[in-house]
Protein chains: 2
Amino acid sequence: MRQSQLFTKTRRNAPADEVAKNAELLIRAGFVHKEMAGVYSYLPLGLRTLNKIVEVIREEMNAVGGQELIMTALQDKELWSRTDRWDDEKVDNWFKTEFKSGGQTGLAITHEEPLTRIMSEYVSSYRDLPIFAYQFQNKFRNELRAKSGIMRGKEFLMKDMYSFAQDDAQHQELYAKARTAYVKTFERLGLGAHTYVTFASGGIFSPFSEEFQTISDSGEDTIYVDEEKKLAVNKEVLSDENLATLGLSRERLVEKKAIEVGNIFHLGTRFSEPLGLSYTDEEGKRRPVLMGCYGIGPSRIMGTIVEVFADEKGIVWPEAVAPFRLHLVALGKKGDDVTRYADELYDELSAHGASVLYDDRDLRAGEKFADSDLIGIPWRVIVGKDAAGSDLFEVVERASGETAKKTREEVLALATGRAA
Amino acid sequence: MRQSQLFTKTRRNAPADEVAKNAELLIRAGFVHKEMAGVYSYLPLGLRTLNKIVEVIREEMNAVGGQELIMTALQDKELWSRTDRWDDEKVDNWFKTEFKSGGQTGLAITHEEPLTRIMSEYVSSYRDLPIFAYQFQNKFRNELRAKSGIMRGKEFLMKDMYSFAQDDAQHQELYAKARTAYVKTFERLGLGAHTYVTFASGGIFSPFSEEFQTISDSGEDTIYVDEEKKLAVNKEVLSDENLATLGLSRERLVEKKAIEVGNIFHLGTRFSEPLGLSYTDEEGKRRPVLMGCYGIGPSRIMGTIVEVFADEKGIVWPEAVAPFRLHLVALGKKGDDVTRYADELYDELSAHGASVLYDDRDLRAGEKFADSDLIGIPWRVIVGKDAAGSDLFEVVERASGETAKKTREEVLALATGRAA
């Protein structure tokens, strides 16, 4: 895409009330727009990045047999009353409103209830199980404070997958599959080295749930990391008894601040019992379905990536999620040889399906480099006066700042992600 | 995809309170689930179809230079007060709710206000214009009655594009481009022959707006069609004076029921003036930006396609939007020769990236055919006892019911959409 056509520009300042580094940088670089506290729109660069994150997650959910659907924001009060999660005394972050046709409704805080009801219409026999179903859908949470930028919004995108199993053995198999898919997802998103499976409080159906926690000083959680085992324990369950159960020793644990980027839960029959989701087993007996739940917030991932990798110059995107792979920066003026040469290179890269943002604007080199650093595309290719003659291009890696001369074929390989 | 793995099944009946044909068929075929009146979730087959529709629209909006973003459901009361569209006396279908942090918010009925505010942060000079920006985002409308299935929901997906121009000449150019893109979009979606550009009431900035109306007895609108000119007039503006202005003659008009599947508006300075979206022109004068607005509802399109093409056996999808291109129906039982043969064909088609739903279930042929008719995939390939020997397959076209024998290469071509 030609940067002269992009409607966003970089800004010197984020809104004065913005305290989170992720939102501040994303606003300044033109990725998001703050509508209100905790409510952000995604501008073209931001939506491209969010969609890259979504696509990685989708591929991994599909790989374990997940079936994608999409449920609604508006929720049926009657359904949530049956699981005792409608009452504001029980769940304190609902947005509630009224139908003009009569009756109350609320904006989905999560989707266990509606999906359990949907499944109750399709599951009748053990032959219908197991099932993995998931969606990417907005959640709404009426947070009192919203000070973590896009990491904790009042309206935010969530990937929530649910598993449905006959018995504990089948449930554990699904849970293990989802857990492995999560580990792989965070690796592909570039967060693998910073992210720990972390034991946290469970519920009535299991002693622990597992969180995926990414180390960052801006995190709201405190965890204790065993670096060797690549495991951690959330402060909320740190006790000698629990450590013994988990086979961890207190001496090896290091306290860290971390961001919860995913979590996986055993739900047991918490929802299937009150909502009547049951099946007939091989002996003809009715049994409740066992459920699991697996959440990742793509918008929170986006904010976390900014927090973890940004430097003093701006954002640093890992290749897998960058809005473009390559930032082509022409140091010419409209109509001159340098610009003509850069135009041709851009056309050639585009013809090969490359992912390129082309800075074709009439601006000084210093402004272009500062914008490029702020936006954070992984590879910058500079076309100046010397490039036109030699057909060797100066390439800067955003993350390391390292510079190298590359051939046209090598630039094409960087821009497409294919081998040179 | 193997149908034995799909978690939905066809159902004999839709909920008793469902009166719209589109929702009744989509529920019975397992495409959507009714959460409440006017609120529908999209199950795997439905989401695939909806995404096909979205992708066609996205391609056409990108082709005219549209930049995609995504705004929020939660809306800023203060912003809508400035355009005088917050008051329930003025706009009667808001869902409103309260922030726990204080103050009212509402769920987006449309997005002119937030996008105009976003643009006011990026547009300052005539050099920044023109701009096309669009999104696919849910709208919420607190409808008193919801009896048109997914064609008029309380929560529904909308593609809304907006144009931003310097002056009327530039605006008219953008408007004409968007209009052409709309005509092409409806053609690609399979609705071209049934859809008419229809003059409807304008506003302060133009005598008429233009609607895209698809002929259907289930439509809520009455239009008057000039078949020869491929134009129509909405009943709301049918007058001798208007007909004279439009160069249409009353004798040639035929009254029809129709569904509004799209609309395009001249907004003038209706939003840019109160929200301060202006630019500096070449002479250094500040001028308000001229806007246009272009809407298509993908979920309404999906419902309309069902209404227009369904027959007594079920849904009939045009190829461009079908959840799968080909329905492979094996008439064998697990482990027998016919099933082995069908398995191999399915694997071969899948290896070529074909779009196939494979009915590998242990059911009677009659049940499989009835399900296949209800689901409405364009091409059905039947693998029975004779196919295994001859390598010629019986192919049924869903729309016409016509049957033909096809070779393996021809089946592959149908399943991939590539030439044989």
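Starting afresh in each chain, residues are numbered from 1 along the sequence in its written order. Whichever chain is written first becomes A and whichever ligand is written first becomes 1, with later ones labelled in order. Reporting in this predicted model follows two pLDDT cut-offs: at least 70 for local features of residues, and 80 or more for side-chain atom pairs to be given and counted; totals over whole chains, interfaces and linings ignore these cut-offs and use all residues.

1. Let's talk about the overall build of chain A
Stage number 1. Under the DSSP-based scheme used, a helix requires at least four consecutive residues in state H or I and a strand at least two consecutive residues in state E, with every element numbered from the N terminus. Within chain A one finds 12 helices and 21 strands.
Stage number 2. Summarising its shape, the C-alpha atoms of chain A cover approximately 80 × 60 × 45 Å along the three principal directions.
Stage number 3. Counting the 420 residues in chain A, one finds 49% classified as buried.
Stage number 4. Here the analysis covers contacts within chain A between residues at least 6 apart in sequence; of these, 69% occur between residues at least 24 apart. With C-beta atoms placed from the backbone, the exposure class of a residue follows from how many other C-beta atoms lie within 10 Å of its own: 20 or more, buried; 12 or fewer, exposed; in between, partly exposed. A residue pair is marked as a contact if its C-beta atoms, positioned from the backbone, fall within 7 Å.

2. Let's talk about the relation of the copies chain B and chain A
Stage number 1. Each copy superposes on the other: chain B lies on chain A with an RMSD of 0.0 Å after a rotation of 180° and an axial shift of 0.0 Å. Both chain copies can therefore be described as sitting about a two-fold axis. Considering only C-alpha atoms, the residue of chain B closest to the rotation axis is Thr97(B), which sits at 2.7 Å.
Stage number 2. Here 100% of the interface residues in chain B have copies in chain A that are interface residues too; the copies meet face to matching face. Least-squares superposition of the copies uses the C-alpha atoms of those residues scoring a pLDDT of at least 70 in each of them.

3. A closer look at the interface of chain B and chain A
Stage number 1. Counting residues at the interface gives 38 residues for chain B and 38 residues for chain A.
Stage number 2. For the side of chain B that touches chain A, the secondary-structure elements that each account for two or more residues are strand 1 (32-36), strand 2 (39-42), helix 2 (44-63), strand 3 (67-68), strand 4 (74-76), strand 5 (96-98), helix 4 (112-120) and strand 7 (131-140) of chain B.
Stage number 3. Of the residues in the side of chain B that touches chain A, the class split is 21 nonpolar, 9 polar and 8 charged. Here the term charged refers only to Asp, Glu, Lys and Arg, the term nonpolar to Ala, Val, Leu, Ile, Met, Phe, Trp, Tyr, Cys and Pro, and the term polar to all other amino acids, Gly among them.

4. Here we look at the sheet that holds strand 20 (residues 392-397) of chain B
Residues and elements named next belong to chain B.
Stage number 1. For two strands to count as paired, DSSP must find a minimum of two bridges between them. Spatial ordering of the open sheet is given by 18-17-19-20-21, a layout of 5 strands whose pairing is mixed. This sheet does not close on itself; its edge strands, each paired only once, are strand 18 (356-359) and strand 21 (403-407). Neighbouring strand axes in the sheet, compared pairwise and without regard to direction, differ in orientation by 30° on average.
Stage number 2. Here 4 bridges tie strand 17 (residues 326-330) to strand 18, and the two strands are oriented parallel to one another. Throughout, an axis means a line fitted to C-alpha atoms (over the contacting stretch in the case of helices), and angles, computed between N-to-C directions, take values from 0 to 180 degrees.

5. A few points about the environment of Val254(A)
Stage number 1. Tracing the backbone through its elements, the reader meets Val254(A) in strand 13 (residues 254-268).
Stage number 2. Once the C-alpha coordinates of Val254(A) and Leu79(A) are considered, the two residues, 175 residues apart in sequence, prove to be 43 Å apart.

6. Some points on the domain arrangement of chain A
Stage number 1. Start and end positions for the domains come from either an automated domain assignment or a database one. Taken domain by domain, chain A comprises domain 1 (21-309) and domain 2 (326-416).
Stage number 2. For domain 1 of chain A and domain 2 of chain A, the distance between their C-alpha centroids amounts to 40 Å.

7. Let's talk about the pairing of strand 18 of chain B
The side chains of a regular strand alternate between both faces of the sheet.
Stage number 1. Side chains Val356(B) and Tyr358(B) project from strand 18 of chain B onto one buried face, and the interleaved Leu357(B) and Asp359(B) project onto a second face that is buried too.
Stage number 2. By convention, a crossover is right-handed whenever its connection, traced from the first strand over the helix to the second and viewed with the strands pointing away, goes clockwise. Where the polypeptide runs from strand 17 of chain B across helix 9 (residues 337-351) of chain B and back to strand 18 of chain B, its parallel neighbour, the crossover connection is right-handed.

8. Some remarks on helix 4 (residues 112-120) of chain A
Stage number 1. Burial within helix 4 of chain A is extensive, with 7 of its 9 residues counted as buried.
Stage number 2. Listed in full, the buried residues belonging to helix 4 of chain A are Glu112(A), Glu113(A), Pro114(A), Leu115(A), Thr116(A), Ile118(A) and Met119(A).

9. Things to note about the nonpolar core
Stage number 1. By size, the foremost hydrophobic cluster in this structure holds 237 residues, and its most contacted members are Leu326(A), Leu328(A), Val356(A), Leu326(B), Leu328(B), Val356(B) and Val383(B).
Stage number 2. Contact partners of Leu326(B), with chain neighbours within four places excluded, come to Ala354(B), Ser355(B), Val356(B), Ile377(B), Trp379(B), Val381(B), Leu414(B) and Ala415(B). When buried Ala, Val, Leu, Ile, Met, Phe, Trp, Tyr and Cys residues are joined through C-beta atoms within 7 Å, the set is termed a nonpolar core.

10. Focus: the packing of helix 2 (residues 44-63) of chain A against helix 8 (residues 298-309) of chain A
Each pair of packed helices gets described by two things: the angle between the helix axes and the distance between those axes.
Residue and element names in this part refer to chain A.
Stage number 1. Contact pair helix 2 / helix 8: the axes reach a minimum separation of 9 Å and the direction vectors enclose 115°. Of the two elements, helix 2 crosses helix 8, and the hand of that crossing is right-handed. Residues Thr49, Leu50, Ile53, Val54 and Ile57 of helix 2 form the contact with helix 8, whose own contacting residues are Pro298, Ser299, Ile301 and Met302.
Stage number 2. In terms of residue class, the contact of helix 2 with helix 8 is made up of 7 nonpolar, 2 polar and no charged. Two helices that cross are described as forming a left-handed crossing if the nearer one is turned anticlockwise from the farther one by less than a right angle, and a right-handed crossing if clockwise.

11. Regarding the sheet that holds strand 17 (residues 326-330) of chain A
Strand-to-strand pairing in sheets goes through backbone hydrogen bonds, with the strands running parallel or antiparallel.
Residue and element names in this part refer to chain A.
Stage number 1. Within the open sheet, the 5 strands sit side by side as 18-17-19-20-21. Their pairing is mixed. Strand pairing shows two members of the sheet lacking a second neighbour, strand 18 (356-359) and strand 21 (403-407), which therefore form its edges. Strand-to-strand twist across the sheet, computed as the mean angle between neighbouring axes with direction ignored, equals 30°.
Stage number 2. Judged from the 5 bridges that link them, strand 20 (residues 392-397) and strand 21 form a sheet pairing that is antiparallel. The residue bridging Leu392 from the neighbouring strand is Thr407, located in strand 21.
Stage number 3. Taken strand by strand, helix 10 (residues 365-375) contacts strand 17, strand 18 and strand 19 (379-383), and its axis lies near 170° from that of strand 17.

12. A few points about the packing of helix 2 of chain B against helix 5 (residues 168-188) of chain B
Residues and elements named next belong to chain B.
Stage number 1. Running from amino to carboxyl end, helix 2 crosses helix 5 at an angle of 155°, the nearest separation of the two axes being 10 Å. On the basis of the axis angle, helix 2 is roughly antiparallel to helix 5. In this structure, helix 2 crosses over helix 5, and the sense of that crossing is right-handed. The segment helix 2 lies against helix 5, with Val56, Ile57, Glu60, Met61 and Ala63 engaging Ala181, Lys184, Thr185 and Arg188.
Stage number 2. Of the residues that constitute the contact of helix 2 with helix 5, the class distribution is 5 nonpolar, 1 polar and 3 charged. Under this scheme an angle from 65 to 115 degrees is roughly perpendicular, one under 35 degrees roughly parallel, and one over 145 degrees roughly antiparallel; angles in between are oblique.

13. A look at unusual backbone geometry
All names here are of chain A.
Stage number 1. With omega at 0°, the peptide bond leading from Leu129 into Pro130 counts as cis.
Stage number 2. Tracing the backbone shows Pro130 in the loop between helix 4 and strand 7 (131-140).
Stage number 3. Within the chain, Asp84 stands out as a residue other than glycine whose phi angle is a positive 60°.
Stage number 4. With respect to the helices, strands and loops of the structure, Asp84 is situated in the loop between helix 3 (77-82) and strand 5 (96-98).

14. Focus: the environment of Leu290(A)
Residue and element names in this part refer to chain A.
Stage number 1. With respect to the helices and strands, the residue Leu290 is situated in strand 16 (residues 290-296).
Stage number 2. Leu290 gets classed as buried once you count the C-beta atoms within 10 Å, which come to 27.
Stage number 3. Through-space distance from the C-alpha of Leu290 to that of Met158 is 22 Å; in sequence the pair is 132 residues apart.

15. A short note on the pairing of strand 19 (residues 379-383) of chain B
Residue and element names in this part refer to chain B.
Stage number 1. Across the 5 residues of strand 19, 5 count as buried, placing the element largely inside the fold.
Stage number 2. Burial along strand 19 is two-sided: the residues Trp379, Val381 and Val383 and Arg380 and Ile382 are all buried.
Stage number 3. By the bridge criterion, 5 bridges tie strand 17 to strand 19 in an arrangement that is parallel. The partner of Ala330 across the bridge, within strand 19, is Val383.
Stage number 4. Here strand 19 runs beside strand 20; their pairing, made up of 4 bridges, is antiparallel. When the sheet's bridge partners are listed, Val381 is paired in strand 20 with Val395.

16. Considering the confidence of the model for chain A
Stage number 1. pLDDT expresses how confident the predictor is about each individual residue, on a scale running from 0 to 100. Within chain A, residue pLDDT values average 96, and 100% of them lie at 70 or more.
Stage number 2. As a predicted assembly, this complex carries a pTM of 0.97 together with an ipTM value of 0.97.

17. Let's talk about the environment of Phe309(B)
Stage number 1. Its location among the elements puts Phe309(B) in helix 8 (residues 298-309).
Stage number 2. As a C-alpha pair, Phe309(B) and Val54(B) span 255 residues in sequence and 19 Å in three-dimensional space.

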